[in-house]
Amino acid sequence: MDQQPPGASGPPPPVEGPAHCYRHPDRETAVRCVRCDRPICPDCMVDASVGFQCPDCVRQGSGTGHGASAARPRTLAGGVVAADPRLITKILLGINLAVFVAVLADDALLDRLVLLGRANFYYGGPPEGIAEGQWYRLVTSMFLHQEVWHIAFNMLSLWWLGGPLEAVLGRVRYLALYLLSGLAGGALTYWLAEPNQPSLGASGAIFGLLGATVVLMRRLNYDMRPVFALLAINLLLTFNPWGGIAWQAHIGGLIAGVLIGIGMVHAPRERRDLVQFGTCALVLAAVVLIVVTRTAALT
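For clarity, every value in this text was computed on a predicted model and none was experimentally measured. (Residues numbered from 1 in each chain as written. Predicted model: local features only at pLDDT ≥ 70, side-chain atom pairs only at ≥ 80, totals over all residues. Heavy atoms only, no water.)

S.K.: Give me the lowdown on the overall build of the chain, citing residues and values where you can.
M.R.: Looking only at helices and strands, the chain features 10 helices and 2 strands. For the chain, the α and β elements follow one another from N to C terminus as β-β-α-α-α-α-α-α-α-α-α-α. For the chain, the proportion of contacts with a sequence separation of at least 24, taken over those separated by at least 6, is 63%. (Helix = DSSP H or I, 4+ residues; strand = E, 2+ residues; numbered from the N terminus. Contact = heavy atoms within 4.5 Å.)

Take a look at the structure:
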């Protein structure tokens, strides 16, 4: 496919119909590089002083007259552009799959790692759960799955939603979004569910990614209908009449994902880190407050 090289003189060739990313022709986009005017998708956007640049223009120079080494390429949210934009997503997939296999090999792991408020696993046994100081269950339960369909659905969602978000947010911000959304889902489950009701799964974190995706697509002025349809389907499944789904985890993760997403992609450049990590700190503080309050009520 013919491409206009960066810095070439003359206007770009006319594009008929929706523009497609010059590096990913299957992806429609409304964003163009401010230097060469080629269309770029979220995976290819590099934050510039005004608008976004494509990776080729970034490699040629920082856009300020300095060499390419004068400034590290940054994503829309200020993260460093990585050679593998899906590395953290792959690691999270691997952890979930490894824990799933471990539980298949040893059923006792499920009782030790599942999210549980406060309960006795057997008559006369000691009470166990988060209220008994086992706070680690808020984290371990995020990587637990019991049925094949459950982990398959969550891991497919992680791959579809996580990859583009990791490319746009950068690794550190993306990991913060995933973990805090999962913690928020677990905290809301701990608060609202019966204390003896176990809960597990990455669904809270996945809904956090979905919420952040909604915010990101709105920020990029994409067509919102597909993501709203996906959100509606997931909410219908969450509140299905057959039960069996911890809706608290879904709602908690979704709220956290939307809030963190807003902080990540709408933070002003001059106070970007303060706003982004301040938002994460506020979500974490809310999680801690819910857990501490619920623990006090159960003990």
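Following the structure, the description resumes.
S.K.: Mind laying out the packing of helix α7 (residues 203–219) against helix α8 (residues 225–238), listing which residues take part and the relevant values?
M.R.: Between α7 and α8, the shortest axis-to-axis distance is 10 Å and the interhelical angle comes to 155°. Classified by the interaxial angle, the pair formed by α7 and α8 is roughly antiparallel. Of the two elements, α7 crosses α8, and the hand of that crossing is left-handed. Of the residues in α8, those touching α7 at Phe 207, Leu 210, Thr 213, Val 214 and Met 217 are Val 227, Phe 228, Leu 230, Leu 231, Asn 234, Leu 235 and Thr 238. For the contact of α7 with α8, the residue count by class is 9 nonpolar, 3 polar and no charged. (Axes fitted to C-alpha atoms, helices over the stretch in contact; angles between N-to-C directions. Parallel < 35°, antiparallel > 145°, perpendicular 65-115°, else oblique. Left-handed = near helix turned anticlockwise from the far one by under 90°. Nonpolar A, V, L, I, M, F, W, Y, C, P; charged D, E, K, R; others polar.)

S.K.: Can you tell me about the side chain of Ser 203, naming the residues and giving the values?
M.R.: Locating Ser 203 in the fold gives a position in helix α7. On the basis of relative accessibility, which here comes to 12%, the residue Ser 203 falls in the buried class. Side-chain polar atoms of Ser 203 contact the side chain of Asn 154, separated by 3.5 Å. Leave out the neighbours within four places in its chain, and Ser 203 touches His 150, Asn 154 and His 250. (Buried < 20%, exposed > 50% of the residue type's maximum accessible area, 1.4 Å probe, protein only. Polar contact = N/O pair within 3.5 Å; in protein donor to acceptor, adjacent residues only side chain to side chain.)

S.K.: Go over the environment of Pro 39 with me, naming the residues and quoting the values.
M.R.: If you trace the backbone, Pro 39 turns up in the segment before β1 (46–47). Its relative accessible area of 11% is what places Pro 39 among the buried residues. For the pair Pro 39 and Thr 29, spaced 10 residues apart in sequence, the C-alpha separation works out to 6.5 Å. In contact with Pro 39, other than residues within four places in its own chain, are Ala 19, His 20, Cys 21, Tyr 22, Thr 29, Val 31 and Arg 32.

S.K.: Can you explain helix α2 (residues 87–105)? Please cite residues and give values.
M.R.: Under the 1.5 Å per step criterion, the end-to-end length of α2 is 27 Å for 19 residues, consistent within 8% with the ideal 27 Å. Taken residue by residue, α2 has Ile 88, Thr 89, Leu 92, Leu 93, Asn 96, Phe 100 and Val 103 as its buried positions. The buried residues of α2 all sit within an arc of 145° when viewed along its axis, so they share a single face. Exposed and facing more than 90 degrees away from the buried side of α2 are Val 101 and Ala 105. Looking at the buried residues of α2, the elements they touch are α3 (108–113), α5 (148–169) and α6 (171–192). (Expected span 1.5 Å × (residues − 1). Arc of directions from axis to C-beta.)

S.K.: Describe in detail the packing of aromatic side chains, supporting the description with residues and values.
M.R.: Taken as a whole and judged by the stated rule, the model has 0 aromatic pairs. A cation over an aromatic ring shows up here: Arg 38 above the ring of Tyr 22, its NZ or CZ 3.9 Å from the ring centre. Sitting over the face of the ring of Trp 159, Arg 86 holds its NZ or CZ atom 4.3 Å from the ring centroid. (Phe/Tyr/Trp six-rings, centres within 6.5 Å; stacked < 30°, edge-to-face > 60°. Lys NZ or Arg CZ within 6 Å of the ring centre and 35° of its normal.)

S.K.: Before we move on, can you summarise unusual backbone geometry with the specific residues and values?
M.R.: In this structure, Asp 37 takes a positive phi of about 70° despite not being glycine. Here Asp 37 shows up in the segment before β1. Despite not being glycine, Asn 221 shows a phi value in the positive range, around 60°. Within the secondary structure layout, Asn 221 lies in the loop between α7 and α8. Classification of Asn 221 by relative accessible area gives exposed; the value is 57%.

S.K.: Can you break down α8 residue by residue, with the values?
M.R.: Across its 14 residues, α8 extends 20 Å between first and last C-alpha, which sits within 8% of the 20 Å expected from 1.5 Å per residue. Among the residues making up α8, those that are buried are Val 227, Leu 231, Asn 234 and Thr 238. For α8, the arc enclosing every buried residue in end-on projection is 65°, short of the 170-degree limit, so these residues lie on one face. Exposed residues on α8 whose side chains face more than 90 degrees from its buried face are Arg 225, Pro 226 and Leu 236. Among the structural elements, α5, α7 and α9 (247–265) are those in contact with the buried residues of α8.

Structural measurements only, silent on function.
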